[in-house]
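Residues per chain, in single letters:
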Amino acid sequence: MMILKNEKGQAVAPKTIPMTHRDFYHDHETRIYWLGGGGVMIHSHNTNIMIDPVLKDFDMPLLYDIPISTNDVPTLDGLLITHIDNDHFSKSTCNDLKKVCQKYHAPHYVADVMNKEGYRTDVHNIQETFEINNVKIMLTRAVHNWQNEKEKWQYRYWDEREYCGYWFETVDGTIWLPGDSRLIEEHLHMKEPDVILFDFSDNEWHITFEGAIQLANTYPNAKLICIHWGSIDAPKMTPFNGNPEDLLDRVINPERIKVLAPGEGFQLR
């Protein structure tokens, strides 16, 4: 594994691989794409789902090229949001994709905001399941209501149910996105997934680095696709400053750590 760093010492994602229409169309495979930051796309046979895509107008400088323009996305069967933070919920991205997206899905509060913005959004509870074509999806619990600690955001109470992860069952295997979350006990008692979309941010309102190691080693056979790193030019902000190299001597079976470039597909077998 060779991770490049910029002049500020930040680990930087590999060079973007642009996505094209062929990444979206039926080919009897399930592929996982990192979109940069916390964003992901799952293509499973004839189904395309984006989770937390931020494809334009982010308010901080980026360290990577966005792999696909909103204008170039040909079709989406679903767009899922985990929570309200603007590095996960992009109004301009969601707005642009209305013309090609069949349905939006989100937990409480952010779903209400999305519906007020005119996005066709289904509101879901934690542990609720729903289906998008051939993919079964369950919301998993996340603890990320950091706003309650900040005076600026105390105009309302931020409930834990307003944040989630997602568990996906595809015909080729299971994928788990824990989402932005502190490590909680129930995260350590899941059925072992085939793939974890792996945030290892050393931040108290994320999983922390030690928490990430504990999660990874609880599921020693799950592939670990690194996300939420190498994307944002913010050298003093811990949520954006993980380095996959730091995982190598702490994770059981380190060969399962997958460092994708934004826009690169990983086939789930």
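Everything that follows concerns the structure shown earlier in this document.
Parameters at a glance
Residues numbered from 1 in each chain as written. Predicted model: local features only at pLDDT ≥ 70, side-chain atom pairs only at ≥ 80, totals over all residues. Heavy atoms only, no water. Helix = DSSP H or I, 4+ residues; strand = E, 2+ residues; numbered from the N terminus. Buried < 20%, exposed > 50% of the residue type's maximum accessible area, 1.4 Å probe, protein only. Contact = heavy atoms within 4.5 Å. Phe/Tyr/Trp six-rings, centres within 6.5 Å; stacked < 30°, edge-to-face > 60°. Core = buried A, V, L, I, M, F, W, Y, C linked by side-chain atoms within 4.5 Å. Salt bridge = Lys/Arg side-chain N within 4 Å of Asp/Glu carboxyl O. Pairing = 2+ DSSP bridges. Axes fitted to C-alpha atoms, helices over the stretch in contact; angles between N-to-C directions.

Participant: How would you explain the environment of Val-12 if you had to name every residue and give the values?
Facilitator: Here Val-12 is to be found in strand β2 (residues 11-12). By relative accessible area, Val-12 is classed as buried at 17%. On a C-alpha basis, the gap between Val-12 and Ser-231 in space is 6.6 Å, while along the polypeptide they are 219 residues apart. Discounting chain neighbours no more than four positions away, the residues touching Val-12 are Ile-3, Leu-4, Lys-5, Asn-6, Leu-63, Trp-229 and Gly-230.

Participant: Outline the packing of aromatic side chains, listing residues and values.
Facilitator: Using the criterion set out here, one finds 11 aromatic pairs in the structure. Each ring, one from Trp-146 and one from Trp-153, has its centre 6.1 Å from the other, and the planes form 80°; the classification is edge-to-face. With relative accessibility at 27%, the residue Trp-153 sits in the partly exposed group. Summarising the aromatic geometry, the rings of Trp-153 and Trp-158 are spaced 6.5 Å apart at their centres and angled 80° between planes, so their arrangement reads as edge-to-face. Note on Trp-158: relative accessible area 2%, which makes it buried. Members of the aromatic cluster, joined through ring pairs, are Tyr-109, Trp-146, Trp-153, Tyr-155 and Trp-158.

Participant: Before we move on, can you summarise the nonpolar core with the specific residues and values?
Facilitator: Within soluble globular proteins, side chains that are nonpolar generally end up buried alongside one another. Among the nonpolar cores identified, the biggest contains 47 residues, and Ile-51, Leu-80, Ile-137, Phe-168, Leu-197, Phe-198 and Leu-247 are the most heavily contacted of them. At 5 residues, the largest contribution of residues to this core is made by helix α3 (residues 209-218). Setting aside anything within four residues of it in sequence, one finds Leu-80 in contact with Ile-49, Met-50, Ile-51, Asp-52, Pro-53, His-105, Phe-130, Ile-132, Ile-137, Tyr-166 and Phe-168. By size, the runner-up hydrophobic cluster in this structure holds 28 residues, among which are Ile-84, Cys-101, Ala-142 and Trp-158.

Participant: I'd like to hear about the pattern of salt bridges, residue by residue, with values.
Facilitator: Summed over the entire model, instances satisfying the criterion amount to 10 salt bridges. Between Lys-103 and Asp-122 there is a salt bridge, with the nearest N and O atoms lying 3.5 Å from each other. Of this pair, Lys-103 sits in the loop between α1 (91-96) and β7 (104-107) while Asp-122 sits in strand β8 (residues 121-124), and the two are 19 residues apart along the sequence. The exposure class of Asp-122 is partly exposed, given its relative accessible area of 29%. One salt bridge connects Glu-210 with Arg-250, and the closest N-O pair in it is separated by 2.8 Å. With Glu-210 in helix α3 and Arg-250 in the loop between β14 (223-227) and β15 (257-258), the pair connects residues that are 40 residues apart, well separated along the chain. Taking relative accessible area as the criterion, Glu-210 reaches 46% and is therefore assigned partly exposed. Salt bridges linked by common partners bring Asp-27, Glu-29 and Arg-31 together as one network.

Participant: Could you give me a rundown of the sheet that holds strand β12 (residues 173-177), with the residues and numbers involved?
Facilitator: Taken in spatial order, the 7 strands of this open sheet run β9-β10-β11-β12-β13-β14-β15, and their pairing is mixed. In this open sheet, the two edge strands, each paired with only one partner strand, are β9 (129-132) and β15. In the packing of α3 onto the sheet, contacts are made with β12, β13 (195-199) and β14, and the angle to β13 comes to roughly 175°.

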